[in-house]
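What follows is the residue order along each chain.
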Amino acid sequence: MRNKLKSFILAGAATAALLPGAASADVEIEYWQYFFDARVEAMEQLIASFEEENPDITVTMTHFPYADYRTKVAAAIPAGEGPDVVQLFYGWLNDYIEASLIQPLPTDAFDPAVIDAEFFPMVGAMKKDGQYYALPTAVRSLALFYNERILEDAGVEPPTTLEELVEVAKATTERDGAGNITQVGFTTGMTAQDHHWFREVLIRQFGGEPYLDDYRTVNYDTEAGRAALDYYTGLQSEHGVTVEGFMDEPQAAFRAGRAAMHIDGSFRVGSLADQRGLRWGVTELPAGPDGTQSNYSSYWVNAITTKAEGEKFDAAVKFMQFITSDDAMQLWLDVVGELPAKPSVGMTDENVNDEVFGPFIRGLEYAHTTTFANESSQRQVLVDMVSRINIGGQDAGESLSEAAAAEQAILDEYYAD
Amino acid sequence: MFRYRDLTIRQKQIVWAWIFLAVPVLFYTVIRFYPTGNAVLISFQDWNLLGSRTWTGLDNYVKLVNDPVFWKVFANTFLYLIIGTPVSLLISFVVAYHLDKLRFGHSFIRMLYFLPFMTSAVAMAWVWRWFYQGVPIGLFNNMLASVGIEQIAFLNSTTNALPAVLAPAVWAGLGFQIIIFMAGLRSIPQSYYEAARIDGVSWWTVLWEITLPLLRPTIVFIVVFSSIGFLRIFDHVFNMTTNNPGGPLNSTKPLVLMIYDTAFNSFDMGYAAAQTVVLFTILLIVSLIQLWLLRADR
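All of these numbers come straight from a predicted model, not from anything done at the bench.

Chemist: Tell me about the overall build of chain B, residues and numbers included.
Modeler: Scanning chain B from terminus to terminus reveals 13 helices and two strands. Whereas a compact globule of 298 residues would reach a radius of gyration of roughly 19 Å, chain B reaches 25 Å, over 25% beyond that. Taken along the three principal axes of its C-alpha coordinates, chain B extends 75 × 60 × 30 Å. Taking all 298 residues of chain B together, the buried fraction comes to 40%. For chain B, contacts bridging at least 24 residues in sequence account for 64% of all contacts bridging at least 6. When the accessible area of chain B is evaluated, it comes to approximately 16,800 Å², of which 71% is carbon and sulfur surface. Computed over 19 positive and 13 negative side-chain charges, the separation of the two mean positions in chain B equals 11 Å.

As structure tokens, this is what we get:
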């Protein structure tokens, strides 16, 4: 054992002597992300090829369950522990900057003008005072999933407009003898992705602008907002093609083949791909009455923490450059199914025409990214808005005003200091 | 100068007592008292987990008093208590009373009743959540639909949701309460019952005059124990309403879920700490009442 160790050390010393520039000792940096199987696997592959390119840098990846993620990051960095490069949700950027957990990316390696030109426009939200603080490897957007078998049986084509959506949903809804819905034409549920669809897509399609003043002022208590809400709740109350909470969760209904159509994010592709007996397709979100197309995009970013200094900082910069490179983005798409953050990678013919990812990638071109103060509270506002109408029987206009006021209160409190 | 051998035997005993006590005292200070004290401190501060803490005085408590959701949640918490405790007490007593008289298959049936108590609340909540779904998957609604009765919105209703969530929580706690009741029933001396039988007293009088009065310590224990349990209800509610925690429209949200939500979704630690202080106060009052009721001289 001792001999083995000795020869190992000798071998290491010999290699170090042979390598040019190895006079500076090996650097070890830490990378943290939350646990999601495919993401961890993709990052392992990226780290392996990064270390091959940079033999003097070792990257250690640590991952946690999503629930503990923020707490651990917050506790570790101020204590001088934890990650040199960290993954965070785009909506957390302000909190992280204010708490001095992350530092700006150096402009020589990450030229803001180049990033502005090369990345999809929504990434601009990561720029503060002319400097980028964080960059995504991949982004996510929404699309309409449809059950091919159900649509074929009903003899209808996937819809391209909101009007067609209603017609296709009517043709594919099934009821039992007592009138209970046993198969929905279209899934609804504000608790899933519908609140994004409502905010950034429906309101804009009915001629509105959901927020003003850089997402600090709620602006949907308007005619457009009302029209969007009436369309949304009308799917259940007027057309009877859906039931809120049908089979507990929209994605469950779709997976079980009990829903003809379902709006969801690109991250759902992985779990649908291995569902046996389900034939499904994806198409772009239906266009609005005047042909307006819109989409919602969100993303996770990587940033360099304030803990990284000196040679660790240099190594962290190299690692950041590597994981935001074109190759990394393509790998992320292939392994995780999340979309490249640069049009140059995303909008290749192969990707745009991909049967599954094409609709999501095409959606990125006209996607909007909501700047949330508190995503779960802001979602809750819309969940409650629809509940008040569906369960409480409240007037839609009143409920909409109440929701707008409640969300404004959340924003005001967040931006107060 | 302090020398151990100069101490009297009594003093040596005290020294050793404290040496042994030091371990639990230290443990409690670090694991219990320090976080409790810290929580009280945070309740007067503003802290989002990431930044520095700033003092805000009574702001968090003022916000709490003016928050309509807090009062809704406060009422829900007591609804869980007021419905849950008597119902579970009554059912567990009736079951224990009859199980006590049963000879055939006694331990097997007792085991069946105890089983839910050993089951994970999370697993149980998810199974019940499935029971409560609408047609075509929900067990209860499928049964109703098959005999032509209209579906009941168990969870997706502001009036039915709270009892629906409470039902499995009551059921889960039954096993434990039944065991305690049976132990209480067994500890009543048989001679009282024999005397009653010789006097030819009715079944009702035996129950009312002998069994129940002698079960008082057992009943007080179960009432307090289950009260604290219902006041702290969380896992059943959270798991049955994960998509819309405490919903719809906050109709099932208990105080602990609001604390969790404020702390780990809104990252408003100060406000969450203020809520925990309120919960702590409520639990303290309940416990003090317990101590008062359990006093020997009453």
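Right, picking up where we left off after that structure.
Chemist: So, the domain arrangement of chain B: which residues are in play, and what are the values?
Modeler: Along its sequence, chain B is carved into domain 1 (4–42) and domain 2 (61–294). On a C-alpha basis, the centroid separation for the pair domain 1 of chain B and domain 2 of chain B is 36 Å.

Chemist: Describe the pattern of salt bridges, listing the residues and the values that go with them.
Modeler: Charged atoms that come close allow side chains of opposite charge to pair. All names here are of chain A. Inspection of the entire model under this criterion finds 20 salt bridges over all chains. As a salt-bridge pair, Arg279 and Glu152 come within 3.1 Å of each other at their nearest N and O atoms. Linking Arg279 in the loop between helix H11 (269–273) and strand E13 (280–283) with Glu152 in helix H6 (residues 148–154), this pair joins segments that are 127 residues apart in sequence. Here Lys342 makes a salt bridge to Asp326, at a shortest N to O gap of 2.9 Å. With Lys342 in the loop between strand E15 (339–340) and helix H14 (343–346) and Asp326 in helix H13 (residues 326–335), the pair connects residues that are 16 residues apart, well separated along the chain. Since its relative accessible area comes to 8%, Lys342 is described here as buried. One connected set of salt bridges, linked through shared partners, spans Arg39, Arg140 and Glu338.

Chemist: Describe the nonpolar core, and please don't skip the residues or the numbers.
Modeler: Among the nonpolar cores identified, the biggest contains 133 residues, and A:Trp197, A:Tyr220 and A:Phe319 are the most heavily contacted of them. Shared between two domains, this core takes at least three residues from each, and those domains are domain 1 (25–140 + 298–367) and domain 2 (142–296 + 371–415) of chain A. Leave out the neighbours within four places in its chain, and A:Tyr220 touches A:Ile203, A:Pro210, A:Tyr211, A:Gly225, A:Arg226, A:Val381, A:Leu382, A:Leu400, A:Ala403, A:Ala404 and A:Glu407. Among the nonpolar cores identified, the runner-up in size contains 22 residues, and B:Ile42, B:Leu231, B:Ala272 and B:Leu283 belong to it.

Chemist: So, the confidence of the model for chain A: which residues are in play, and what are the values?
Modeler: With 94% of its residues at a pLDDT of 70 or more, chain A shows a mean pLDDT of 89. The low-confidence segment residues 5–23 of chain A, where pLDDT is below 50, has one contact with residues more than four positions distant or belonging to other chains.

Chemist: Provide a residue-level description of helix H3 (residues 68–101) of chain B, including the pertinent values.
Modeler: An ideal rise of 1.5 Å per residue puts 50 Å on 34 residues; H3(B) measures up with 50 Å between its terminal C-alpha atoms. The opening residue of H3(B), the one whose side-chain oxygen lies 2.9 Å from the backbone nitrogen of B:Val69, is B:Asp67.

Chemist: Kindly report on the interface of chain B and chain A, identifying the contributing residues and their values.
Modeler: Taken together, the 26 residues of chain B in the interface contact 31 residues of chain A. Each partner contributes to the roughly 2,300 Å² buried at the junction of chain B and chain A, and carbon and sulfur atoms together form 53% of this total. Among the residues of chain B in contact with chain A, B:Leu50, B:Asn243 and B:Leu249 are the three that bury the most area, contributing 29% of the side total. In this assembly, chain B and chain A are joined by two salt bridges. As a salt-bridge pair, A:Glu413 and B:Lys63 come within 3.0 Å of each other at their nearest N and O atoms. Looking at the side of chain B that touches chain A, its residues break down into eleven nonpolar, eleven polar and four charged.

Chemist: Lay out the side chain of B:Ser226 in plain terms, naming residues and giving numbers.
Modeler: All names here are of chain B. Position of Ser226 relative to the elements: it lies in helix H10 (residues 216–231). Under the relative-accessibility criterion, Ser226 is labelled buried at 6%. Setting aside anything within four residues of it in sequence, one finds Ser226 in contact with Thr85, Ser88 and Gln177.

Chemist: Could you give an account of the side chain of B:Asn250, with specific residues and numbers?
Modeler: Residues and elements named next belong to chain B. Along the chain, Asn250 turns up in the loop between helix H11 (235–240) and helix H12 (255–264). Within the local environment of Asn250, its side chain forms a polar contact with the side chain of Lys253, the two groups lying 3.3 Å apart. Setting aside residues up to four positions removed in sequence, Asn250 forms contacts with Val69, Lys72 and Asn76.

Chemist: Please provide a residue-by-residue account of the packing of H3(B) against H10(B), values included.
Modeler: All names here are of chain B. Two numbers describe how H3 lies on H10: the axes approach to 9 Å, and their chain directions differ by 145°. Here the hand of the crossing between H3 and H10 comes out right-handed. Contacts between H3 and H10 involve Thr77, Phe78, Tyr80, Leu81, Gly84, Thr85, Ser88 and Leu89 from the former and Ile219, Ile222, Val223, Ser226, Ser227, Phe230 and Leu231 from the latter. Partitioning the contact of H3 with H10 into residue classes produces nine nonpolar, six polar and no charged.

Chemist: Go over the domain arrangement of chain A with me, naming the residues and quoting the values.
Modeler: Residue and element names in this part refer to chain A. By domain assignment, chain A separates into domain 1 (25–140 + 298–367) and domain 2 (142–296 + 371–415). Each of domain 1 and domain 2 has a C-alpha centre, and the two are 30 Å apart. Summed over both sides, the interface of domain 1 with domain 2 buries roughly 1,700 Å², with 57% coming from carbon and sulfur. In terms of surface lost to domain 2, no three residues of domain 1 exceed Arg140, Phe360 and Tyr366, which account for 39% of the buried area on that side.

About the cut-offs
- Residues numbered from 1 in each chain as written.
- Chains lettered and ligands numbered in written order.
- Predicted model: local features only at pLDDT ≥ 70, side-chain atom pairs only at ≥ 80, totals over all residues.
- Heavy atoms only, no water.
- Helix = DSSP H or I, 4+ residues; strand = E, 2+ residues; numbered from the N terminus.
- Rg over C-alpha atoms; globule rule 2.2 N^0.38 Å.
- Buried < 20%, exposed > 50% of the residue type's maximum accessible area, 1.4 Å probe, protein only.
- Contact = heavy atoms within 4.5 Å.
- Areas by Shrake-Rupley, 256 points an atom, 1.4 Å probe, with all protein chains shown as cover.
- Lys, Arg positive; Asp, Glu negative; His and termini not counted.
- Charge placed at Lys NZ, Arg CZ, Asp CG, Glu CD.
- Domains from an automatic or database assignment.
- Salt bridge = Lys/Arg side-chain N within 4 Å of Asp/Glu carboxyl O.
- Core = buried A, V, L, I, M, F, W, Y, C linked by side-chain atoms within 4.5 Å.
- pLDDT = per-residue confidence, 0-100.
- Expected span 1.5 Å × (residues − 1).
- Polar contact = N/O pair within 3.5 Å; in protein donor to acceptor, adjacent residues only side chain to side chain.
- Buried area = accessible area lost by both parts, 1.4 Å probe.
- Nonpolar A, V, L, I, M, F, W, Y, C, P; charged D, E, K, R; others polar.
- Axes fitted to C-alpha atoms, helices over the stretch in contact; angles between N-to-C directions.
- Left-handed = near helix turned anticlockwise from the far one by under 90°.

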